[in-house]
Amino acid sequence: MIKNYLKTAWRNLWTSKLFSALNIFGLALGLSVTLLLALFIIQEQSFDAFPNKEKIFRYLAHINYEGNNMIWAGVPNSIGPTVQRNISEVTLSARTLLNGFGENANITVGHDAYIENRLYWADPDILDIFNFRFIHGNQKTALDEPNTIVLSETKARQYLGSENPVNKTIELGRNTTLKVTGVYADLPITSTFDAELIASFSTTGYSKNITWDNASFETWIMLKKTDDYRKVNAYLPQMIKEHVGVEGTYYTLSLQPLAEVHLNSTGINSYSNRKGDAAQLRQLTYLAIALLLMAAINYMNLATARAQQRNKEVGISKALGASRRTLLGKFYTETAVLTIIAISIGLMLAIIGIPLFNALSGKTLIYNTLSHPVFWIGLPLLWLTLTLVSGLYPALLLSSYTPLEAFQRGKAVKIGSAFFRQALVVLQFTASIVLIVGVVIMHQQMDFMSHRKLGYNPENVIAIGISSLKDEQELDALRNQIGALAPTQSMVLSQAFPGKGESGHPLRKNETDKHGPLFYANRVDGDIESVLQLKLLAGRMVKPRLASDTTKNGEWIFEMVLNKRAVDYLDLTPAEAIGTKPLAGLGDNTYVVGVVENFNYSSLHNPIGAYAFTNTPQALRYLLVRFTTGDLKSTLSQYEASFKKIVPDAPFDYTFLDSHLKSLYLNDRQTASILLAFSVLAVFVGCLGLFGLAAFTADRRTKEIGVRKVLGATVSSLVRLLSVDFVKLVVLAFVIACPLAYLAFNKWLEGFAYRIDIEWWMFALAGVAATIIALITVSWQAIRAAIADPVNSLRDE
């Protein structure tokens, strides 16, 4: 019986090549996206699969300034040791600090120089918490001593080839020599902790300078039992009260389980580059399911369109005694064969499409996920579900005909089923129009952000990393070299540049003000006003600190320039602020010498906050240079050559400020790209469904078209007659889609402090585009029916 079903199914698929191809391709396309998303979901859910995962936690600092709530994975370096000392349930504890609070590390090995952005300073327990597997060296003692470092297998091979690097040395920034004490197997791509090099935390001054206010140290712990986290959480407020005082700090603490870290860190300020997004994961899942359902709907419509052609087959089968159960088995077998072919093609497309998915999403979907058991268990279930869903309506419809109905062409299809098919097409185009509106809105928002005036000019500014310079003499030499070059217009030494590397401090009006805004401070030495093209509202910019800048008691006097946002909080005008000494965590003798106009130093997702330029003694990490437009390649070569004259063995580390600014919106652009890809696929799949319904309608109205042609109807009038019903469906879909699109994408725009307004033409554009696409899809069938010979149509009847 099954063998006969399979033969019949294959014969029918081969006989109707066009409909079979449309069905298979539509399903395969939807399945390929679904399978890609399934792989991505499996990978995201399998993050941090370490032994004792359920016992691993990290501390979170909850910040509240002037009503602005933030969460940091960084906490003061005192938290880890204090809790471990007082809570016996904490078996392991490790502080981690990304080099330079997130700055690149300049590594020199022999005569080779490297720029690394995943060098962490960490306590020894980190190796046991994350179950490192050592290839060389002793894991138990590798990070016990200062000035030691362990390398990932990849970095060890990159630096020293296949030889054992243990006991060899590498140079960090030409100022620190580190001895290699071990090599560990590369951490999996599904590890939140993404270190490629780990140096001993005891090397840093932070291991001895214990503080309660610098929340920059991500701290991981392992507990004896999972439930012990309750005891730790209960102790945290008591600890802060004991060591800092209830009113003496700006943060509260909590624990976050490792199992929740990956998918629940979107709004958390942390060092890892491997953050997941539970909300985005849900959205992509919904889109994939919608696309798969649209592909299944196409099968229903196309199969129903073929019903007219198969009425005699059904009639003969029933006349010869075939039961409805037999016919159901026959039609379901046909659907099963078609779907298994579609799944096979979809799987191949998914595998081929992994690099494209990674490029669009900015994620790293790895091929190893294909071997995950959940994927291969889910694949047969997907095939079975798709077969049942896709084949249900056509199989029930075709098998329900009586022999009489089957031989009567005009009565072969139930009237009530027309509404169902039209409703499915409306559903498809509603989803398509919502996605098209979303693409338009996202494109407009991206364009708005790229053209908005920021209050400073990031174009033609390069930030050259100077951490490899050993002393003031080399720094002065570099400034002289760069300043003498023709492209250089102005330059300044800086702790940071807008949105990168500033230090955070609380700004308060007076001693009783406990909830002022968090402001960012950036030490500068030079002409920052000219380099960033800032607008000075009052006073002057900070000057380089001199030895004479001290009080009678020998204490340093510092200067700061606030932006207008900070001055407004202090209830001062720019002129009134000059000479004041606000409470800003920068020392008791720090005076305001100038005020600049507000500028967007961070992403446009965030409103402008308080900002300050200072000459306080923070480390200078960059030489910012404004250069003339022209041959960028030549200019960059000149700067690199000048740098290499001073430090020939160090890597030339640089960033263009406008490139950094664009990187702040990388996730938004990737989301827009994903939505565009889904929109194109959804529209295409929707058109397949519309094509099926058009074919069905043209076939059903063959006699009517023949009569109209005999009576003198033109081809254009017949095309218009056949197309108008489909245009009505698209218009109905447009009416339904507009409010849905507005609600969805207005919510998305709420994530930006500076945003566009949603305007009527965005919906009109989507509606017109959908209508044109629908007309093009329908016209082919309509024209084909209109130009057919009426004699053949009427003779067939």
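Further up the page is the structure itself.
Residues numbered from 1 in each chain as written. Predicted model: local features only at pLDDT ≥ 70, side-chain atom pairs only at ≥ 80, totals over all residues. Heavy atoms only, no water.

### With respect to the packing of aromatic side chains
Next up, step 1: The tally for this structure, following the rule as stated, stands at 28 aromatic pairs.
Next up, step 2: The rings of Phe50, Tyr120, Phe130, Phe132, Tyr184, Phe193 and Trp220 are connected pair by pair, giving a single aromatic cluster.
Next up, step 3: For the cation-ring pair, Lys509 lies above Tyr569, with the distance from its terminal atom to the ring centre recorded as 4.8 Å. (Phe/Tyr/Trp six-rings, centres within 6.5 Å; stacked < 30°, edge-to-face > 60°. Lys NZ or Arg CZ within 6 Å of the ring centre and 35° of its normal.)

### Let's talk about the environment of Arg540
Next up, step 1: Here Arg540 shows up in the loop between β20 (536-539) and β21 (558-563).
Next up, step 2: Taking the C-alpha atoms as reference points, Arg540 and Val592, 52 residues apart in sequence, are found 9.5 Å from one another.
Next up, step 3: Aside from chain neighbours lying at most four places away, what touches Arg540 is Glu559, Val561, Val593 and Gly594.
Next up, step 4: Within the structure, the side chain of Arg540 is placed 2.6 Å from the side chain of Glu559, a separation counted as a polar contact. (Helix = DSSP H or I, 4+ residues; strand = E, 2+ residues; numbered from the N terminus. Contact = heavy atoms within 4.5 Å. Polar contact = N/O pair within 3.5 Å; in protein donor to acceptor, adjacent residues only side chain to side chain.)

### Describing the pattern of salt bridges
Any two side chains of opposite charge can pair if their charged atoms end up close together.
Next up, step 1: Within the structure shown, the criterion is met by 14 salt bridges.
Next up, step 2: Residues Asp123 and Arg95 are paired through a salt bridge, measuring 2.8 Å at the closest nitrogen-oxygen approach. Within this pair, whereas Asp123 is found in the loop between β7 (119-122) and α5 (126-129), its partner Arg95 is found in strand β4 (residues 90-98), the two being separated by 28 residues in sequence.
Next up, step 3: Note on Asp123: relative accessible area 13%, which makes it buried.
Next up, step 4: Between Asp571 and Lys509 there is a salt bridge; the shortest N-O distance is 3.2 Å. Here the residue Asp571 occupies a position in the loop between α18 (564-569) and α19 (574-577), and Lys509 occupies one in the loop between β18 (503-506) and β19 (518-526), the gap between them amounting to 62 residues.
Next up, step 5: For Asp571, a relative accessible area of 57% gives the class exposed.
Next up, step 6: Salt bridges linked by common partners bring Glu116, Lys155 and Glu196 together as one network. (Salt bridge = Lys/Arg side-chain N within 4 Å of Asp/Glu carboxyl O. Buried < 20%, exposed > 50% of the residue type's maximum accessible area, 1.4 Å probe, protein only.)

### Let's talk about the nonpolar core
Next up, step 1: Formed by 108 residues in total, the largest nonpolar core has its most connected members in Phe429, Ile528, Phe613 and Leu624.
Next up, step 2: If one sorts the elements of this core by residue count, helix α15 (residues 416-451) sits on top with 14 residues.
Next up, step 3: Setting aside anything within four residues of it in sequence, one finds Ile528 in contact with Val492, Gln533, Leu534, Met541, Phe613 and Leu624.
Next up, step 4: In this structure, Tyr114, Leu119, Tyr120 and Ile129 belong to the second largest nonpolar core, which totals 47 residues. (Core = buried A, V, L, I, M, F, W, Y, C linked by side-chain atoms within 4.5 Å.)

### Observations concerning the pairing of strand β9 (residues 148-152)
Next up, step 1: Counting buried positions along β9 gives five out of five residues, so the element sits mostly inside the fold.
Next up, step 2: The sheet contact formed by β9 and strand β12 (residues 197-200) spans three bridges and is antiparallel. From the neighbouring strand, Ile149 faces β12, where its bridge partner is Ala199. (Pairing = 2+ DSSP bridges.)

### Considering helix α7 (residues 229-243)
Next up, step 1: Helix length check: α7 (15 residues) gives 21 Å between terminal C-alpha atoms against 21 Å at 1.5 Å per residue, within 8%.
Next up, step 2: The largest bend along α7 reaches roughly 25° and is located at Leu236, with the proline Pro237 sitting one to four residues downstream.
Next up, step 3: Listed as buried for α7 are Val232, Tyr235, Leu236, Met239 and Ile240.
Next up, step 4: The positive-phi residue at the C-terminal boundary of α7 is Gly245, with phi of around 105°. (Expected span 1.5 Å × (residues − 1). Bend = angle between axes of the 7 residues up to and from the residue.)

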